[in-house]
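Listed below, chain by chain, are the residues.
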Amino acid sequence: MKILGLDPGLRVTGYGVIEKAGSTLTYISSGCIKTPTGELPDRLKNILNSVQEVISRYVPGEVAVEKVFVNVNPQSTLLLGQARGAAICAAVAQNLPVSEYTALQVKQAVVGNGHATKEQVQEMVKRLLKLPGYPSADAADALACAICHAHGGTLGGMSTRGYRVKGGRLVK
């Protein structure tokens, strides 16, 4: 099963495609969709079309999208929500099932700590997918979302609820 992970943003939308075979995860591709500055409708159209291109190229069976968090700036939250909507529309227009995960769920599933830093997420994505280098922060977040979906919101099939990372290990 191929999973497309999306980390939507109005300026940069990260995407990552992985394949799950049993308990094995394999990296397929990742990258960033950058929208040019300009009018909001044109930027949303760019996100929609670019996500549709990614879907056409890699033919995922499922899509995992990071949920919007409430920002200090309500205007930023609204704009992010519109970018998410464009990305989700690209997936549902292709009749793909879409699952949504909060940043806390993604970090908990991938790192074992819901408050992990971007660098920790990049490190664990690199390790879990056996990548030769670090993906960009946006691509890593998208890959982490796909990994979270592949694991059903858990770390290696084990529920991470109530645990945190200390010294590189999960502890209660």
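I will try to describe carefully the structure that is included in this document. (Residues numbered from 1 in each chain as written. Predicted model: local features only at pLDDT ≥ 70, side-chain atom pairs only at ≥ 80, totals over all residues. Heavy atoms only, no water.)

**Observations regarding the pairing of strand β3 (residues 24-34)**
Stage number 1. Pairing of strand β2 (residues 12-21) with β3 involves 10 bridges; the strand directions are antiparallel. By the bridge assignment, V17 is partnered in β3 with S29.
Stage number 2. Taking the residues between adjacent antiparallel strands as the criterion, β2 and β3 are bridged by 2 residues, where G22 takes a positive phi near 65 degrees. (Pairing = 2+ DSSP bridges. Helix = DSSP H or I, 4+ residues; strand = E, 2+ residues; numbered from the N terminus.)

**Focus on the packing of aromatic side chains**
Stage number 1. A full pass over the atoms with the stated rule returns 0 aromatic pairs.
Stage number 2. Here the guanidinium or amino end of K126 rests over the ring plane of Y134, the centre of that ring lying 4.5 Å away. (Phe/Tyr/Trp six-rings, centres within 6.5 Å; stacked < 30°, edge-to-face > 60°. Lys NZ or Arg CZ within 6 Å of the ring centre and 35° of its normal.)

**A word on the pairing of strand β4 (residues 62-66)**
Stage number 1. The element β4 is largely enclosed, with a buried count of 4 among its 5 residues.
Stage number 2. Summarising the sheet, strand β1 (residues 2-7) and β4 pair through 4 bridges and their orientation is parallel. Opposite G5, over in β4, you have A64 as the bridge partner.
Stage number 3. Sheet analysis places β4 next to strand β5 (residues 98-101), joined by 4 bridges and oriented parallel. (Buried < 20%, exposed > 50% of the residue type's maximum accessible area, 1.4 Å probe, protein only.)

**Quick word on the pattern of salt bridges**
Stage number 1. The full count for this structure, using the stated rule, is 3 salt bridges.
Stage number 2. One salt bridge in this structure joins E100 and R84, with 2.1 Å as the shortest N-O distance. Separated by 16 residues along the polypeptide, E100 in strand β5 and R84 in helix α2 (residues 74-92) bring together distant segments of the chain.
Stage number 3. Here E123 and R127 are joined by a salt bridge, their closest N and O atoms 2.6 Å apart. Placement of both E123 and R127 in helix α4 (residues 118-128) is noted, with a separation of 4 residues, approximately one turn of the helix. (Salt bridge = Lys/Arg side-chain N within 4 Å of Asp/Glu carboxyl O.)

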